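# Tertiary structure, described
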Amino acid sequence: MHKNSLDDLAIALARNRASGTVSGLAFAGVVSRLDADEVQLAALDAYNSDLKGHAMAGTNPACQTILGLHAPIFGPIASRDFFNGPGHVHLPQGTIGAQCELAFTIGNSFPLKGDEIDRQSVAETIIACRPTIGLLGRRAFGAPHSDIVAIADFGLQVATICGPAIRVDWDGLDQVQMTARINGESVVTAKGSAILGHPLEAVALLARELAGQGKQINAGEVVTTGSWSPILQVLPGQTLSVEFETIGKVSCTFD
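Along each chain, numbering runs from 1 in the same order as the chain's sequence is written. Restriction of local features to residues with pLDDT of at least 70 applies here, the model being predicted, together with a cutoff of 80 or more for giving and counting side-chain atom pairs; totals for whole chains, interfaces and linings are based on all residues. Only heavy atoms go into the side-chain values, all of them from the structure, while hydrogens and water stay out.

Counting from the N terminus, the helices are the DSSP runs of H or I reaching at least four residues and the strands are the DSSP runs of E reaching at least two. Any helix carries an expected span of 1.5 Å times its number of residues minus one. The first and last C-alpha atoms of helix 6 (residues 200–212) sit 19 Å apart over 13 residues, in line with the 18 Å expected at 1.5 Å per residue. Exposure categories follow from relative accessible area, calculated using a 1.4 Å probe and restricted to protein chains: below 20% of the type maximum is buried, above 50% is exposed, and the middle band is partly exposed. Within helix 6 the residues assigned to the buried category are Leu200, Glu201, Ala202, Val203, Ala204, Leu206, Ala207 and Leu210. Each element contacted by the buried residues of helix 6 is listed here: strand 2 (51–57), strand 3 (73–78), strand 6 (95–106), helix 4 (119–125), strand 7 (126–137) and strand 12 (222–224). A contact between two residues is defined here by any heavy atoms of the two lying within 4.5 Å.

For two strands to pair, DSSP has to find at least two bridges joining them. Summarising the sheet, strand 5 (residues 87–89) and strand 14 (residues 248–254) pair through three bridges and their orientation is parallel. Looking at the pairing, histidine 88 lines up with threonine 253 of strand 14. Where strand 13 (residues 239–244) and strand 14 come together, six bridges link them in antiparallel fashion. Residue pairing across strands places glutamate 243 opposite lysine 249, the latter belonging to strand 14.

With that settled, the discussion passes to the sheet that holds strand 11 (residues 185–191). Taken together, the five strands give an open sheet; going across it, the order is 5-14-13-10-11, and neighbouring strands pair in mixed fashion. At either end of the open sheet lies a strand with only one pairing partner, and these are strand 5 and strand 11. Each adjacent strand pair in this sheet contributes to an overall mean axis angle of 20°, direction not counted. Pairing analysis gives five bridges linking strand 10 (residues 177–182) to strand 13, with the strands arranged antiparallel. When the sheet's bridge partners are listed, alanine 180 is paired in strand 13 with valine 242. Between N-to-C directions, angles cover 0 to 180 degrees, with each direction set by a line fitted to C-alpha atoms, over the stretch in contact for helices.

What follows concerns the pattern of salt bridges. Any Lys or Arg side-chain nitrogen found within 4 Å of a carboxyl oxygen on Asp or Glu counts as a salt bridge. Tallied over the entire structure, the rule returns six salt bridges. With its nearest N and O atoms 3.7 Å apart, the salt bridge here joins arginine 33 to glutamate 209. With arginine 33 in helix 2 (residues 33–46) and glutamate 209 in helix 6, this pair connects stretches of sequence that are 176 residues apart. Overall, glutamate 209 belongs to the partly exposed group, its relative accessible area being 31%.

Looking now at the sheet that holds strand 9 (residues 157–162). Here we have seven strands laid out as an open sheet, ordered 3-2-12-6-7-9-4, and mixed in their pairing. Two strands lie at the open edges of the sheet, namely strand 3 and strand 4 (82–84), each paired on one side alone. Here the average twist between neighbouring strands, direction ignored, is 30°. Against the sheet, helix 6 makes contact with strand 2, strand 3, strand 6, strand 7 and strand 12, and its axis sits at roughly 115° relative to strand 2, the strand it touches most.

Taken together, the side chains of Asp115, Glu116, Asp118 and Glu124 present a region of like negative charge at the surface. Its place among the elements puts glutamate 116 in the loop between strand 6 and helix 4. A residue is classified by how much of its surface remains accessible, and glutamate 116, at 59% relative accessible area, is exposed. Only residues whose relative accessible area exceeds 30% and that form no salt bridge are eligible for patches; like-charged ones are grouped when within 9 Å, while nonpolar side chains (Val, Leu, Ile, Met, Phe, Trp, Tyr) are grouped when within 5 Å. Each accessible area is a Shrake-Rupley estimate made with a 1.4 Å probe; only the visible protein chains count as cover when residues are assessed. The positive count covers Lys and Arg only, the negative count covers Asp and Glu only, and His and the chain ends enter neither. Note that the charge is assigned to NZ on lysines, CZ on arginines, CG on aspartates and CD on glutamates.

Backbone torsion omega between glycine 85 and proline 86 reads 0°, so that peptide bond is classified as cis. Tracing the backbone shows proline 86 in the loop between strand 4 and strand 5. Following phenylalanine 110, the chain continues to proline 111 via a peptide bond in cis, the omega torsion being -5°. Look at asparagine 183: it is not a glycine, yet its phi comes out positive at around 50°. Inspection of the secondary structure assignment puts asparagine 183 in the loop between strand 10 and strand 11.

Below, the structure is given as structure tokens:
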């Protein structure tokens, strides 16, 4: 019965994501991280989309507070919700806001057995960096805001909009400044050090989590860092532009 209830929850989450709606769903059966991971995987399967990569959330303490998290989490980037910017994206019901982040493309599957997982080894496996806007949202109302609920609900990931790819200086990435503008007006600035001290640490954290599950980041997959700034509320009719000095910019208009 427990397995059936988790499967039913996964199907309902996928249905709400596909329709852009929210509904009251029962998360009472999700009592462990293992349960949450099982629901997330089944929900992606029910959503009928390939895995493009992994989206981090809560890597910035300010974002953890907003999302009701106690630690960073990650969710699947669905291929059908991955866009090359500038984009034009519909805001579904349950939208929380936008993350101003970077996306890294992984060149070789990582980690392999015996690999050290640190900033240097992460840098060696990345083949491209892209300025990115990530949308977060929930597919259910009434559920507690907890880490395992957020993980089960696609890791809160909604959509990923990426700008042009570029190679960057990994050593100085923590000092790169990001500026976000809504309809041309600057709303926030932040530095890469907001992400666990250095943006590559987000990839290292993901690699350790996956290795603990006997998994890895596959070659060609994308990993997003989580937001450098607090999550930004975006509304229909607005255009969010995010610029990373020395890296580039990406923009998205919402309806």
